[in-house]
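Remarks on the overall topology
The residues making up each chain are set out below.
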Amino acid sequence: MLAPLCLVAVAVAVSRPALLSSPTCSAVRRAPHACMAEGIKVDVRMQPKSSVALDIDIPEAVSKAVHAQVLSELGKTAKVDGFRKGKVPKEALIAKLGMERLKLATFEQLIDVAMAESGPQVPLQTCGDARLVGEVEDLAKKYEPGKPVSFSIEVDVIPQVPLEESMYEALQVSVEKEPFNQDAYDKALLTLREQNCDLEEAEGSYQAQEGNQLLIDMAGFSAKPDGGKGEPLPAVAGGEGVELHLKPGKFMPGLVEGLIGIRAGETRDITVTFPQRSSVPQLAGKAAVFEVSCSKVQRRILPEVDDAFAARVKTGMSCAELDEKLREGVEAESESNFRKAAHRKLEQALVKALPAEFEVPDTLLEQVSKDRFAGMLADAQQRGASEEQIKELITKENYARYLKMTAPMSAIQVKADFSLKEVARQQGLSVSRDAVEDELVSMQAQAMQRGEKFKESEARPRIEAQMEREMVLDWLQAGAALSSRHE
């Protein structure tokens, strides 16, 4: 999604190779005097993919003034045998530095002067860096000090979105509507039964089975290279009187599996690896050994679904009322899925309504693809990919291939972002500050529960953009001609 954009002048940093790095030449890099810019002419040519070319003509007077300034500045710092600093004659300075280096330093300064002047002449809403057309060294070689010179700068610009209200006020889309999700209903009911189950202690030498519940004391230790127990882990990674449901995936991988078959009074050492996303960040991905002592093995007896069970879920609730609440929850999830599907269809329809010749800048396409690539790597890491596997993915070839593969999707996303912002502008839609603050607080609390860092400065623009996006799509949905069909 696009961050809020502001109007900026085209006088931005020009992308070009690093030029002279010596102290004598870096001394020239300073703000040009205002009088130097007089007479500079800037013409704008529209280019494909929402970019422009600035054809810049620098007259003889400006060229001479800049050349003289460069000589003056270099003369203040240049060390030439037989002369004091600041007293080096022009001919000796040129002989010391060489004409090619002097021309290059002068041409660089001419670019800066021209860019400073182009802003007031041609105010543009730009994105990305301006680019010098041609290699600066080649252009500098052709330049004759003190003579008129011309060159071109290219820069991507924010496009004007050709949208009129008639193009989006009644979009027609067809959205699939899910039938009642019985599986989700059954799963929710089973969860409630498990939460309100009866526990029956197993007798004798009964061996714990999957689905049983244990009452255990557990202490964690770092794993030594030979698999033995090392230093104790923080107290949060263990405890006394822990109730553990023997359900795979309920706790960290390997712990439940290692306790299948345990008996009351038995102690086992279980080797596990903490997941990459851990509530204790310093333990993420670390191998550990848990010393587990089992004091009870219990069978979980699920209650029958009747009024007595419903009353256990909530005092005074009947079975019929519980059924109604569960169905409301399933329907709410179905409506949420329908809304998401409708939003996707509306985005597609909005982009389709744009004229075929509408183009977006390569700068933004590449940024979207970079974000997608970073997201793909983050997902791989969360799924447990090792650092070596991640590094194998980060190659120039893989990245270039990914950019090419995702270019069509990135173009659609950027066009949709621009279009939605334009609709918001035309319709005066904006998210209130209070709503953004409430969402920030909620997101921060969720991040803390997951043991993740939360940077408000980074999260705020993303949250605000997402909330504005959803607001505009809801507005479009309210006015759209939606036809729903069951799957």
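First things first, this report covers the structure right here in the doc.

1. Observations regarding the overall build of the chain
- Each helix and strand in the chain was counted, giving 14 helices and 13 strands.
- Of all 487 residues assigned to the chain, the portion counted as buried reaches 36%.
- In the chain, of all internal contacts separated by at least 6 residues, the share reaching a separation of at least 24 is 76%.
- Here the chain has roughly 27,800 Å² of accessible surface; of this, 51% comes from carbon and sulfur atoms.

2. Here's the deal with the packing of aromatic side chains
- The tally for this structure, following the rule as stated, stands at seven aromatic pairs.
- When the centroid spacing of 6.2 Å and the interplanar angle of 55° are considered together, the rings of Phe180 and Tyr185 count as tilted.
- The exposure class assigned to Phe180 is partly exposed, which follows from its relative accessible area of 29%.
- By relative accessible area, which is 10% here, Tyr185 ends up buried.
- The structure contains a cluster of three or more aromatic residues connected by ring pairs, namely Phe107, Tyr143 and Phe151.
- Taking the ring centre of Phe338 as reference, the NZ or CZ of Lys177 above it sits at 4.9 Å.
- It is Arg299 that lies over the ring of Tyr206; its NZ or CZ is 4.5 Å from the centre.

3. Structural notes on the pattern of salt bridges
- Applying the stated criterion across every chain yields a total of 22 salt bridges.
- A salt bridge links Arg268 to Glu266, with the shortest nitrogen-to-oxygen separation between them at 2.9 Å.
- Where Glu437 meets Arg460, a salt bridge forms, and the shortest distance between an N and an O atom there is 2.9 Å. Here the residue Glu437 occupies a position in helix H13 (residues 433–449), and Arg460 occupies one in helix H14 (residues 456–479), the gap between them amounting to 23 residues.
- In this structure, a network of salt bridges that share partners links the residues Lys229, Asp269 and Glu291.

4. Remarks on the side chain of Thr106
- Looking at where Thr106 falls in the secondary structure, it is placed in helix H4 (residues 99–121).
- Given the relative accessible area of 0%, Thr106 is considered buried.
- Setting aside residues up to four positions removed in sequence, Thr106 forms contacts with Val66, His67, Val70 and Tyr143.

5. Observations regarding unusual backbone geometry
- Here Lys49, not a glycine, exhibits a phi torsion of approximately 55°, which is positive.
- Judged by relative accessible area, which is 42%, Lys49 ranks as partly exposed.
- Its identity as a non-glycine residue notwithstanding, Ser50 has a phi of 55°, on the positive side.
- Its place among the elements puts Ser50 in the loop between strand E2 (41–47) and strand E3 (51–58).

6. Some points on the environment of Val292
- With respect to the element layout, Val292 can be found in strand E12 (residues 287–301).
- Exposure remark for Val292: the relative accessible area of 0% places this residue in the buried category.
- Each C-alpha atom, one on Val292 and one on Ile270, is 7.4 Å from the other, the two residues being 22 residues apart in sequence.
- Those residues in contact with Val292, other than ones at most four positions away along the chain, are Ile216, Asp217, Met218, Leu255, Leu259, Glu266, Thr267, Arg268 and Ile270.

7. Thoughts on a negative patch on the surface
- Together, Glu304, Asp306, Asp307, Glu321, Glu324 and Glu328 give the surface a local cluster of negative charge.
- With respect to the secondary-structure elements, Asp307 resides in helix H8 (residues 307–313).
- With relative accessibility at 48%, the residue Asp307 sits in the partly exposed group.

8. What to know about the packing of helix H2 (residues 60–77) against helix H3 (residues 90–97)
- Interaxial distance between H2 and H3 falls to 11 Å at its minimum, and their mutual angle equals 80°. Here H2 lies roughly perpendicular to H3, going by the angle between them. Between H2, through Leu71, Leu74 and Gly75, and H3, the contact on the second element is made entirely by Lys90, Leu93, Ile94 and Leu97.
- Within the contact of H2 with H3, the residues separate by chemical class into five nonpolar, one polar and one charged.

9. A look at the nonpolar core
- Grouped together as the largest cluster of nonpolar side chains are 39 residues, with contacts concentrated most on Leu54, Ile56, Ile58, Phe107, Phe151 and Ile153.
- Mapped by element, the contributors of at least two residues to this core are E3, H2, H3, H4, strand E4 (126–132), helix H5 (136–142) and strand E5 (149–157).
- Ranked by residue count, the leading element in this core is H4, at nine residues.
- Listed in part, the 31 residues of the second largest apolar core include Ala349, Leu350, Leu364 and Leu476.

10. Some points on a nonpolar patch on the surface
- A contiguous nonpolar patch, built from Met376, Leu393 and Ile394 and spanning about 230 Å² of accessible area, is present on the exposed surface.
- Within the secondary structure, Met376 is located in helix H10 (residues 362–382).
- Residue class for Met376 comes out partly exposed when judged on its relative accessible area of 31%.

11. Quick notes on helix H6 (residues 182–195)
- Over its 14 residues, H6 extends 20 Å from the first C-alpha to the last, a length consistent with the 20 Å expected when each residue adds 1.5 Å.
- All of the buried residues along H6 are Tyr185, Leu189 and Leu192. Around the axis of H6, the buried residues are gathered within 60° of arc, so they sit on the same side. The outward face of H6, more than 90 degrees from its buried face, is lined by the exposed residues Asp183, Lys187 and Gln195.
- Where H6 is buried, its residues meet H8 and helix H9 (319–353).
- Put simply, Asn181 is the residue that caps the front of H6, since its side-chain oxygen is 3.2 Å from the backbone nitrogen of Asp183.

The rules behind each value
Residues numbered from 1 in each chain as written. Predicted model: local features only at pLDDT ≥ 70, side-chain atom pairs only at ≥ 80, totals over all residues. Heavy atoms only, no water. Helix = DSSP H or I, 4+ residues; strand = E, 2+ residues; numbered from the N terminus. Buried < 20%, exposed > 50% of the residue type's maximum accessible area, 1.4 Å probe, protein only. Contact = heavy atoms within 4.5 Å. Areas by Shrake-Rupley, 256 points an atom, 1.4 Å probe, with all protein chains shown as cover. Phe/Tyr/Trp six-rings, centres within 6.5 Å; stacked < 30°, edge-to-face > 60°. Lys NZ or Arg CZ within 6 Å of the ring centre and 35° of its normal. Salt bridge = Lys/Arg side-chain N within 4 Å of Asp/Glu carboxyl O. Patch = residues over 30% accessible without salt bridge, like charges linked within 9 Å, V, L, I, M, F, W, Y side chains within 5 Å. Lys, Arg positive; Asp, Glu negative; His and termini not counted. Charge placed at Lys NZ, Arg CZ, Asp CG, Glu CD. Axes fitted to C-alpha atoms, helices over the stretch in contact; angles between N-to-C directions. Parallel < 35°, antiparallel > 145°, perpendicular 65-115°, else oblique. Nonpolar A, V, L, I, M, F, W, Y, C, P; charged D, E, K, R; others polar. Core = buried A, V, L, I, M, F, W, Y, C linked by side-chain atoms within 4.5 Å. Expected span 1.5 Å × (residues − 1). Arc of directions from axis to C-beta. Polar contact = N/O pair within 3.5 Å; in protein donor to acceptor, adjacent residues only side chain to side chain.

All quantities given are derived from atomic positions and should not be read as evidence of function.
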